[in-house]
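Read off the chains here:
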Amino acid sequence: MSDFPFLSVLTVAPLVGALVVAFLPRQRPQLAKVVALGWSLAVLVLSVFMWVAFEVGGDRLQFHESYPWIPRWGVNFTFAADGIALVMLMLIALLVPLVILASWHDAESSKRSVPVYFALLLVLECTMIGVFAAADVFLFYVFFEVMLVPMYFLIGSYGGHQRQYAAVKFFLYSLVGGLFMLAAVIGLWVVGGKTFDWVALTDANIATDTARWLFLGFFVAFAIKAPFFPFHTWLPDAGGAAPAGAAALLVGVLDKVGTFGILRYCLPLFPEASRWFAPWALALAVIGIIYAALLAVGQHDLKRLVSYTSIAHFGFIGVGIFAFTTQAGTGSVFYMLNHGLATGLLFLVVGMLVARRNSALIRDFGGAGKLVPLLAGVLFFAGLASLALPGTAPFISEFLVLIGTFTVNKPVAIIATVGIILAAAYVLWMIQRTTQGTLNPALAESPAMRKDLSLREKVVVAPLIALLLVLGFYPKPVTDVINPAVQATMQDVGATDPAPTDVQEASR
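Residues numbered from 1 in each chain as written. Predicted model: local features only at pLDDT ≥ 70, side-chain atom pairs only at ≥ 80, totals over all residues. Heavy atoms only, no water.

Trainee: Could you clarify how one ought to interpret empty space enclosed by the protein in this entry?
Mentor: Empty space among the atoms becomes visible once a probe the size of a water molecule is rolled across them. One pass over the full model with this rule turns up three cavities of 30 Å³ or more. Approximately 40 Å³ is the volume found for the largest cavity. Surrounding the largest cavity, Arg-60, Asp-82, Ile-84, Trp-198, Phe-260, Leu-263, Arg-264, Pro-268 and Thr-489 form its lining. Considering each element in turn, the lining of the largest cavity owes the most residues, four residues, to helix α13 (residues 256-269). In terms of residue class, the lining of the largest cavity is made up of five nonpolar, one polar and three charged. (1 Å grid on protein atoms, 1.4 Å probe; cavity = no way out; pocket = protein on both sides within 12 Å on 5 of 7 lines; lining within 4 Å. Points joined across faces, edges and corners; volume = space filled by probe spheres on them. Helix = DSSP H or I, 4+ residues; strand = E, 2+ residues; numbered from the N terminus. Nonpolar A, V, L, I, M, F, W, Y, C, P; charged D, E, K, R; others polar.)

Structural data, given as structure tokens:
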């Protein structure tokens, strides 16, 4: 079964589906929705087969495929996945059909082409799968850049207030980051033996100063994409303006390209530079945790608030990566998955509230739980999962990050822990101002606000709630897949976990 070309088929299939959906008659929007949903479900089924075929404890990179593209430059369509990439591919395959189902009426409300909207979602799925599946640096760069296009049109054409400003800002920030990466990619080809093959480049002997400059080029691009402080300002605008479904993919998957890129490219290709820049990266991460959490507390727009929570969460992921322990690294990758599930759910539920009220301003709600108790309950659960309540999956990942970091860097772990307290503040205050307290009279006068979760919306939220609970109590099936890839990455960097005696000394 592992001989099947999973990664190339998974990459191409959504693109073919997008072409089919785009050319469907605009007068038949329902058909476009059904075809897009069916196509995304087929991708999900194939991804499940790939998950089953993955051999835990086998080769680091599996499902390897390589096809010639530009032989003169040594560029190939090379695909391969380790445990980190596999987890992210499964997240994409799960979220896209749920987003399509949640966005059933989004394009119609914007009065633009329904087939084009769902075709753009499938194109986005194609580029997201490609960027995580690529094992050729140039191919990765191509997917990294092309991924901007469908999201730009989703925000700019189908978004809300200030959508064009947000789309342009998102595009420019990402494009600037891409230019830094392009320079680093060219430099890497020159000094790395004129190849873009990831495996060959990991064995390249690159001079220390050169490696540091190349690391910086990649890191800036990934820090913008993640986003890390101070490269974060595009996310609240893009997340606030994007349709709820597109925003869920933006914060649930696209942002993970940045942290995945650091794990896949920065650390293995430039190990000495990674250790040299680690203190600076940790400083940016902890600043981002506190800074974004404080800004989230003061937000008046629901979608911007959720966007700021994502910036704080990415600070935890950054801390886990640059702590250089297997425990923190596993927690960081697991956090990437759990953040996609929890924040994706939170954005989708917020979108459901906003669609009913036709406003994202917190002051326009108040006491909504009295009218839509199920929806309010799901929002409450999503908020608790986002702040890493014990019993939910984000708690496991956050705990692993903090414990793994504490053994090697107590000050960073302690400062990061303050972010947990602030997370409770901004999440619980958001819930109190929207669904609890005295009922806003304007809500009672709105017929839409009296409609609780529909069957379609229940189908959207149920899988995410179930996964957050199951992985919160039994994360082993996922962590077993992640651990070998994280251990291999730590070995690339030359990092070793502290001995048990060192851990005991650190805890005193």
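Trainee: Please explain the packing of aromatic side chains as it appears in this structure.
Mentor: One pair of aromatic rings is described through two measures. These are the centre distance and the angle between the planes. Taken as a whole and assessed by the stated rule, the structure comprises 29 aromatic pairs. Taking the centre distance of 6.0 Å and the plane angle of 35° together, the rings of Phe-140 and Phe-144 count as tilted. Separated by four residues within a single helix, Phe-140 and Phe-144 lie in helix α6 (residues 137-146), roughly one turn from each other. Phe-144 carries the same exposure label as Phe-140, and that label is buried. Both rings, one in Phe-170 and one in Trp-234, keep their centres 5.5 Å apart while their planes meet at 55°; by these two values the pair is tilted. Highlighted residues: Phe-170 in helix α8 (residues 163-191) and Trp-234 in helix α11 (residues 234-241), separated in sequence by 64 residues. Residue class for Trp-234 comes out buried when judged on its relative accessible area of 1%. (Phe/Tyr/Trp six-rings, centres within 6.5 Å; stacked < 30°, edge-to-face > 60°. Buried < 20%, exposed > 50% of the residue type's maximum accessible area, 1.4 Å probe, protein only.)

Trainee: Would you take a moment to explain α11 for this structure?
Mentor: A large share of α11 lies buried, amounting to seven of its eight residues. Those residues of α11 that fall on the buried side of the exposure criterion are Trp-234, Leu-235, Pro-236, Asp-237, Ala-238, Gly-239 and Ala-241.

Trainee: What is the right way to look at a nonpolar patch on the surface in this model?
Mentor: Taken together, the side chains of Val-168, Leu-172, Leu-175 and Leu-179 present a nonpolar region at the surface, about 320 Å² in accessible area. For Val-168, the location among the structural elements is in helix α8. Taking relative accessible area as the criterion, Val-168 reaches 36% and is therefore assigned partly exposed. (Patch = residues over 30% accessible without salt bridge, like charges linked within 9 Å, V, L, I, M, F, W, Y side chains within 5 Å. Areas by Shrake-Rupley, 256 points an atom, 1.4 Å probe, with all protein chains shown as cover. Salt bridge = Lys/Arg side-chain N within 4 Å of Asp/Glu carboxyl O.)

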